[in-house]
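Here is how the chains run, residue by residue.
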Amino acid sequence: MSTYRDLAHRSSRATVLRTAGTRERRSHLSAPRVPTVGIDIGGTKVMAGVVDADGTILEHLRTETPDKSKSPKVVEDTIVELVLDLSDRHDVHAVGIGAAGWVDAERSRVLFAPHLAWRDEPLRDALASRLAVPVMVDNDANTAAWAEWRFGAGRGEDHLVMITLGTGIGGAILEDGRVKRGKYGVAGEFGHMQVVPGGHRCPCGNRGCWEQYSSGNALVREARELAAADSPVAHDIIERVKGNVREITGPLITELAREGDPMCVELFQDIGQWLGVGIANLAAALDPSCFVVGGGVSAADDLLIAPARDAFRRQLTGRGYRPEARIVKAQLGPEAGMVGAADLARLVARRFRRANRRRVERHERYERYAQAIRNTRTDPEQEPQS
């Protein structure tokens, strides 16, 4: 049988976690300066770290993501093990999850994760029932953008858009210190804007999506096609992989481009130009002051960013008659999603602690009133005191 305390605890916790996203603006300034855990879940790895209020990683752990053919509980087990391991050495007050997938507006369920077996998965509640601290779930691009805004390349910007270039393209929008998630929580899926009608088929089911022309997959696909055709321009990369085309990877292309390989440099120019085209489209729609480019592909630095800036200036609507947004590389690297998830969880920790204090006060008032009622029943001359 549920007690008054149990019912009040569950109700308060659900309310706090559900409404946490509606009051982010500037609230980080008064969030408790307590350590929290951030979790970044991708298709190949799960990274967990304890992060302080200044964005400093105190300790982090990394493990492989369980195979997607396994049940969602296997991934949840991995997350719980990492959090408990870190909790042995740190006083953890909340846990934030950055998941590579679509997360609903209440930041409770993962609606769809392309690299994991999560379909409408109640991840927040599943983890909260196993951990003794509040849990926050968000899209990994949102958490990375938040980290860059708080501690990285986006500091001081009121209107920021983040582009994450990895296997595909992710993104996030921040306006006046608030992540814009959209009505249903899935804003920022820029990679699936159509830029070439009838173009390359995308795993999402459509054709011509932006990420088919400016992403890690696009980079590797073009290099492998040239190598498979035994193109003369691919001589160096064919030699590097000893003719095994399947061994051509993004990091290898980046390495050769930095060494001056003409084909790899040209491929980055192509990817960068498509990146600039997409950013110009986003500028027309959103008009931010800054674009932060992150993700694994951004490790190519100016090999990618310079052609993107050039294409952006050529494609920008009203060019020459309007202020131009800055295009900068992200500063926090692969840890951005983890750091941002931890920092967003700190906001939930503050509200949960405040709600917990109010809940205790309500319970104490209830107990006093109940005691007064009991006293009245034993002594009819007494009146209950509220």
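Every value quoted in this text rests on a predicted model; they were computed, and no experiment measured them.

Our next topic: the overall build of the protein chain. For the protein chain, the count of helices and strands is ten helices and 13 strands. Across the 386 residues that make up the protein chain, the buried fraction comes to 50%. Across the protein chain, the fraction of contacts at a sequence separation of at least 24, relative to all contacts at a separation of at least 6, is 65%. Surface summary for the protein chain: the accessible area is close to 18600 Å², and the carbon and sulfur share equals 49%.

Turning our attention to the sheet that holds strand 5 (residues 102–103). Ordered by their spatial adjacency, three strands build an open sheet running 5-6-7, and the pairing between neighbours is antiparallel. Each having just a single partner strand, strand 5 and strand 7 (118–121) make up the two edges of the open sheet. By the bridge criterion, three bridges tie strand 6 (residues 110–113) to strand 7 in an arrangement that is antiparallel. Its bridge partner lying in strand 7, Phe-112 is registered against Arg-119.

Another point: the pairing of strand 10 (residues 169–175). In terms of residue burial, strand 10 counts as a mostly covered element, since six of its seven residues are buried. Relative to strand 10, strand 9 (residues 159–165) runs antiparallel, the two being bridged by seven bridges. Across the sheet, residue Leu-160 finds its bridge partner in strand 10, namely Leu-174. Between strand 9 and strand 10, which pair antiparallel one after the other, the connecting turn spans three residues. Sheet analysis places strand 10 next to strand 11 (residues 178–179), joined by two bridges and oriented antiparallel. The residue bridging Leu-174 from the neighbouring strand is Val-179, located in strand 11. Between the end of strand 10 and the start of strand 11, which pair antiparallel, lie two residues, with Asp-176 showing a positive phi angle near 50 degrees.

Here we come to the packing of helix 7 (residues 250–258) against helix 8 (residues 262–286). As a packed pair, helix 7 and helix 8 sit with axes 7 Å apart at the nearest point and diverge in direction by 110 degrees. In terms of their interaxial angle, helix 7 and helix 8 are classed as roughly perpendicular. In the packing of helix 7 onto helix 8, the handedness of the crossing is left-handed. Between helix 7, through Ile-253, Thr-254, Leu-256 and Ala-257, and helix 8, the contact on the second element is made entirely by Cys-264, Val-265 and Phe-268.

This part is about the nonpolar core. The biggest cluster of nonpolar side chains holds 44 residues, and the ones touching the most others in it are Ile-163, Trp-210, Ile-237, Ile-253, Leu-275, Phe-291 and Leu-304. Every element with two or more residues in this core is listed here: strand 9, strand 10, helix 5 (216–228), helix 6 (235–240), helix 7, helix 8, strand 12 (290–294) and helix 9 (302–315). Among the elements that take part in this core, helix 8 stands out by supplying ten residues, more than any other. If sequence neighbours within four positions are ignored, Ile-237 has contacts with Ile-248, Leu-252, Ile-253, Leu-256, Met-263 and Cys-264. The next biggest cluster of nonpolar side chains, apart from the first, holds 29 residues, and it includes Ile-39, Val-75, Val-135 and Val-137.

On to the packing of aromatic side chains, then. Under the criterion given, the structure shown has three aromatic pairs. Residues Trp-146 and Trp-149 carry aromatic rings whose centres are separated by 5.1 Å and whose planes lie at 50 degrees to one another, so their mutual orientation is tilted. Of this pair, Trp-146 and Trp-149 both sit in helix 4 (residues 140–151), separated by three residues, roughly a single helical turn. Relative accessible area serves as the criterion here: at 0%, Trp-146 is assigned to the buried category. For Trp-149, a relative accessible area of 7% gives the class buried. Residues Phe-291 and Phe-312 carry aromatic rings whose centres are separated by 6.2 Å and whose planes lie at 65 degrees to one another, so their mutual orientation is edge-to-face. Taken as a pair, Phe-291 in strand 12 and Phe-312 in helix 9 lie far apart in primary sequence, 21 residues in all. Comparing Phe-291 with Phe-312, the two get one shared label, buried.

The next subject is the environment of Leu-123. With respect to the helices and strands, Leu-123 occurs in helix 3 (residues 123–128). Leu-123 sits in the buried class, given a relative accessible area of 0%. Expressed as a C-alpha distance, the spacing of Leu-123 and Val-103, which sit 20 residues apart in the sequence, is 9.6 Å. Those residues within four positions of Leu-123 in sequence are excluded, and the remaining contacts are Glu-76, Ile-97, Ser-108, Arg-109, Val-110, Trp-118 and Val-137.

With that settled, the discussion passes to the pattern of salt bridges. Inspection of every chain in the model, using the stated rule, returns 21 salt bridges. In this structure, the salt-bridge partner of Arg-107 is Asp-138, at a minimum N-O distance of 3.9 Å. Taken together, the residues Arg-107 in the loop between strand 5 and strand 6 and Asp-138 in strand 8 (residues 135–139) connect sequence positions 31 residues apart. Pair check on accessibility: Arg-107 and Asp-138 agree, each one buried. The shortest N-O distance in the salt bridge between Asp-301 and Lys-329 comes to 2.5 Å. You can see Asp-301 sitting in the loop between strand 12 and helix 9 and its partner Lys-329 sitting in strand 13 (residues 326–329), a full 28 residues away along the chain. Taking the relative accessible area as the measure of exposure, Asp-301 reaches 31% and is therefore partly exposed. Overall, the relative accessible area of 33% leaves Lys-329 in the partly exposed class.

Reading the values: rules and limits
Residues numbered from 1 in each chain as written. Predicted model: local features only at pLDDT ≥ 70, side-chain atom pairs only at ≥ 80, totals over all residues. Heavy atoms only, no water. Helix = DSSP H or I, 4+ residues; strand = E, 2+ residues; numbered from the N terminus. Buried < 20%, exposed > 50% of the residue type's maximum accessible area, 1.4 Å probe, protein only. Contact = heavy atoms within 4.5 Å. Areas by Shrake-Rupley, 256 points an atom, 1.4 Å probe, with all protein chains shown as cover. Pairing = 2+ DSSP bridges. Axes fitted to C-alpha atoms, helices over the stretch in contact; angles between N-to-C directions. Parallel < 35°, antiparallel > 145°, perpendicular 65-115°, else oblique. Left-handed = near helix turned anticlockwise from the far one by under 90°. Core = buried A, V, L, I, M, F, W, Y, C linked by side-chain atoms within 4.5 Å. Phe/Tyr/Trp six-rings, centres within 6.5 Å; stacked < 30°, edge-to-face > 60°. Salt bridge = Lys/Arg side-chain N within 4 Å of Asp/Glu carboxyl O.

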